[in-house]
Number of protein chains: 2
Amino acid sequence: MSQGVVAPKGFRAAGVIAGLKTSGASDLALVVNDGPRFDAAGVFTRNKVKAAPVLWSQQVLTTGQLRAVVLNSGGANACTGPEGFQTAHATAEKAAELLGCGAIEVAVCSTGLIGRQLPRDLVLAGVEKAAAGLADSAAAGLAAATAIMTTDTVAKQAVHSDQAGWSIGGTTKGAGMIAPSMATMLSVLTTDAVLEPAALDAALRAAVRVSFDRLDVDGSMSTNDTVLLLASGASGVTPAAEEFTAALTAVCQDLARQMQADAEGVTKRITVRVTGAADEDDAVTIARTVARDSLVKTAIFGSDANWGRIAAAVGYSDAEVDPDRLDVTINDALLCKGGVAAGGRTDADLSGKDVLVEIELGIGTGTAEIRTTDLSHGYVEENSAYPT
Amino acid sequence: MSQGVVAPKGFRAAGVIAGLKTSGASDLALVVNDGPRFDAAGVFTRNKVKAAPVLWSQQVLTTGQLRAVVLNSGGANACTGPEGFQTAHATAEKAAELLGCGAIEVAVCSTGLIGRQLPRDLVLAGVEKAAAGLADSAAAGLAAATAIMTTDTVAKQAVHSDQAGWSIGGTTKGAGMIAPSMATMLSVLTTDAVLEPAALDAALRAAVRVSFDRLDVDGSMSTNDTVLLLASGASGVTPAAEEFTAALTAVCQDLARQMQADAEGVTKRITVRVTGAADEDDAVTIARTVARDSLVKTAIFGSDANWGRIAAAVGYSDAEVDPDRLDVTINDALLCKGGVAAGGRTDADLSGKDVLVEIELGIGTGTAEIRTTDLSHGYVEENSAYPT
């Protein structure tokens, strides 16, 4: 079975070179839903400065129907005013014309540099090229996944194949997440299950909340972040809502893990697990605060189990904390018990790539996990030099 | 006239080697108010995980009276439980015994690694040594300023001498601020003006709010941050509240600028100035969000006027933003006008050490400035390797 967006029945994809990237790498993808159903849902950045394709696609998604998605790298089409919006609109119109549907059934996603107009002619020619090359082969799925890469070093795809005869496929790009994000995150998820837009929307929000939304590389949030879910209904099967949500969550978590592993400059994959918080919101707040703290991230880059910096970050998080009940464990070594040192920092082995930080609050039953990365020389290098 | 804490009449200071730092550098300071008055005020970290000396000094300050402050580097005495609190208490008792006052009149401040007990014997012997060396000379003031340094590369002092016969002196350490802070920030301010504790408290809070609180290196907040203001009344002059507050603010801003210039790994001194926000709170929120954004900070490290990252950070800040009214100017080059590119990124010259980012919201009259630094290889190096 194919990986990615063409894994479910009823989908074709393509990835081509439109000439938007100065590197000459592929930079435009098209994902098409051949039906018989066209139900869809989307989740978008909460940034108040929204790219033109986000404004366009949010409008499209109000119908709950989607025939196709055009995605491009090589330019974010953000802070580009009415001209940029017209480019996004023209892109949807061109795809609609070629696919025989309405522009309002075509979503558009962009990623790349903010503040520069996309060369509209190149984009439209790219859509034409992509439409001519649509296929449901594994190669076509990979081509689409590759065309949306920016600083990603590998294409990212995932699949869930259900015994009941339906499946979910997906691709993603970006070293970040919906909100907040490092680089723009774009993801297209497809399924051949039969589900109404409202059910897709509920499942997508539930899945994103505990996957992409729990990946936090550096606390930034992009102008372009978009996750789309398209359902063709081609399997003829309607799964139970819980079953579908669980499978979709697993696919999103798989993709989120791939993004974490490929984050800019990553040398350590860090999981911050909070237990015993007053509630889940507090647990997320604390885990996110620790995951974003530059002093924690640089210490872990240096393989230093500096739990004091973790305790300090817990303490300044906007959540209920009792300093005398705080336990901190790093890679199975209990380093802080009841707010006081419980062992030497060298008890924790941080020589490997994976670091698990466990924080027990001793207050309630709220738990949450946030995945993040270390703050390395590679991160500084990549982000101070891109683009030159 | 002397710089620093001994500049006002009625103060003596000392800085000695207590043996707390493995480097053997000086690490314990004593600042003594010889009166005739002992009014005082303090501002402390808002971190819920508070170091033992913070818990002690907060108690002391409830009286509004302070005879002396003991400060040490080489250990934060945070996350050290009852034993750590007893060390802070014993430190105050030792100073009180030597100075002939009560322990409740002596504040204690610590900075350094979290989670390790301070060697109490060394601290107490250090207090004895410092008390024996108290003087009101410039050398004594500098010795105190030097003894509280951690990753600081230069001692920091400031002074305001008023024509009416009163003055304010101060010293500080740390590459951060009260809240949030990078490393612990400790500051002692002294004055020979005659002012009641309530007046001192109001002036101190007003001054800190627009100085130390507007310096944001990396969004972290320490367990130990403390700013103390001691008034000897030795000038016999009571200045008007506005006059004193203005002078105190100037001294604090001077010290904050010295901290910014000496921040860990700094290669660029960045000022983020927001105008036209809905109100001052919104202006602070937006300026702080931009100042903390890792993508903005790495771009500026790379001398890249990447205004798109600034627009994105403005957009995800928790404040009122109209994306179509946003102007961004970097070092006098208008790069974004009404949310759209207004010039080439190369129009802005970022080759120098100082970078001014001006953000006009076009909504109201709220303005604020936050000072920060770039995110450099030096920052990563220093914080991943300290302490090894």
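Residues numbered from 1 in each chain as written. Chains lettered and ligands numbered in written order. Predicted model: local features only at pLDDT ≥ 70, side-chain atom pairs only at ≥ 80, totals over all residues. Heavy atoms only, no water.

1. Topic: the UniProt feature "binding site: substrate" (unreviewed entry) in chain A
Residue and element names in this part refer to chain A. According to UniProt, the positions carrying the feature "binding site: substrate" (unreviewed entry) are Thr-150, Lys-173, Thr-184, Glu-264, Asn-383 and Thr-388. Tracing the sequence through the fold places Thr-150 in the loop between helix 4 (138-147) and strand 6 (156-161). Given a relative accessible area of 23%, Thr-150 falls into the partly exposed group. Checked against the element boundaries, Asn-383 lands in helix 10 (residues 377-385). (UniProt positions renumbered as here; feature names shortened; annotations may be inferred. Helix = DSSP H or I, 4+ residues; strand = E, 2+ residues; numbered from the N terminus. Buried < 20%, exposed > 50% of the residue type's maximum accessible area, 1.4 Å probe, protein only.)

2. Remarks on the sheet that holds strand 8 (residues 186-191) of chain B
Residues and elements named next belong to chain B. A sheet is described by the order of its strands in space; here five strands give the open sequence 3-9-8-7-6, paired in mixed fashion. The sheet terminates laterally at strand 3 (39-44) and strand 6 (156-161), the two strands that pair on one side only. In this sheet, neighbouring strand axes are inclined to one another by 10° on average, regardless of whether the strands run parallel or antiparallel. As defined by bridge partners, strand 7 (residues 167-173) adjoins strand 8 across six bridges and the pair is classed as antiparallel. Counterpart to Gly-170 in the pairing with strand 8 is Leu-189. This element, helix 5 (residues 197-209), spans strand 3, strand 8 and strand 9 (226-231) of the sheet and lies at about 35° to strand 3. (Pairing = 2+ DSSP bridges. Axes fitted to C-alpha atoms, helices over the stretch in contact; angles between N-to-C directions. Contact = heavy atoms within 4.5 Å.)

3. With respect to the pattern of salt bridges
Taken as a whole and assessed by the stated rule, the structure comprises 38 salt bridges over all chains. We note a salt bridge from B:Arg214 to B:Glu280, for which the minimum N-O separation is 2.9 Å. A residue pair is termed long-range when its members are at least 10 positions apart, and B:Arg214 in the loop between helix 5 and strand 9 and B:Glu280 in helix 7 (residues 280-292) qualify at 66 residues. The class for B:Arg214 is buried, based on a relative accessible area of 9%. Taking the relative accessible area as the measure of exposure, B:Glu280 reaches 31% and is therefore partly exposed. Residues B:Arg273 and B:Glu369 are paired through a salt bridge, measuring 2.8 Å at the closest nitrogen-oxygen approach. Of this pair, B:Arg273 sits in strand 10 (residues 269-277) while B:Glu369 sits in strand 15 (residues 366-373), and the two are 96 residues apart along the sequence. Given a relative accessible area of 29%, B:Glu369 falls into the partly exposed group. When salt bridges with common partners are traced through the structure, they connect A:Arg37, A:Asp39 and A:Glu196 into a single cluster. (Salt bridge = Lys/Arg side-chain N within 4 Å of Asp/Glu carboxyl O.)

4. Observations concerning the state of the cysteines
A covalent bond bridging the sulfur atoms of two cysteines is what the word disulfide describes. All names here are of chain B. All chains considered together, the criterion is met by zero disulfides over all chains. Of all cysteine sulfurs, the one in Cys-252 lies closest to Cys-109, which takes part in no disulfide; the gap is 14 Å. Accessibility expressed as a relative area gives 0% for Cys-252, which makes it buried. (Disulfide = S-S within 2.5 Å.)

5. What about the packing of helix 2 (residues 81-99) of chain A against helix 3 (residues 120-132) of chain A?
All names here are of chain A. Remark: helix 2 packs on helix 3, axes separated minimally by 10 Å, with the N-to-C direction vectors making an angle of 20°. The orientation of helix 2 relative to helix 3 falls into the category roughly parallel. The handedness of the crossing between helix 2 and helix 3 comes out as right-handed. Along its contact with helix 2, which presents Glu-83, Gln-86, Thr-87, Ala-90, Thr-91, Lys-94, Ala-95 and Leu-98, the element helix 3 presents Arg-120, Val-123, Leu-124, Val-127, Glu-128 and Ala-131. Among the residues forming the contact of helix 2 with helix 3, the class breakdown is seven nonpolar, three polar and four charged. (Parallel < 35°, antiparallel > 145°, perpendicular 65-115°, else oblique. Left-handed = near helix turned anticlockwise from the far one by under 90°. Nonpolar A, V, L, I, M, F, W, Y, C, P; charged D, E, K, R; others polar.)

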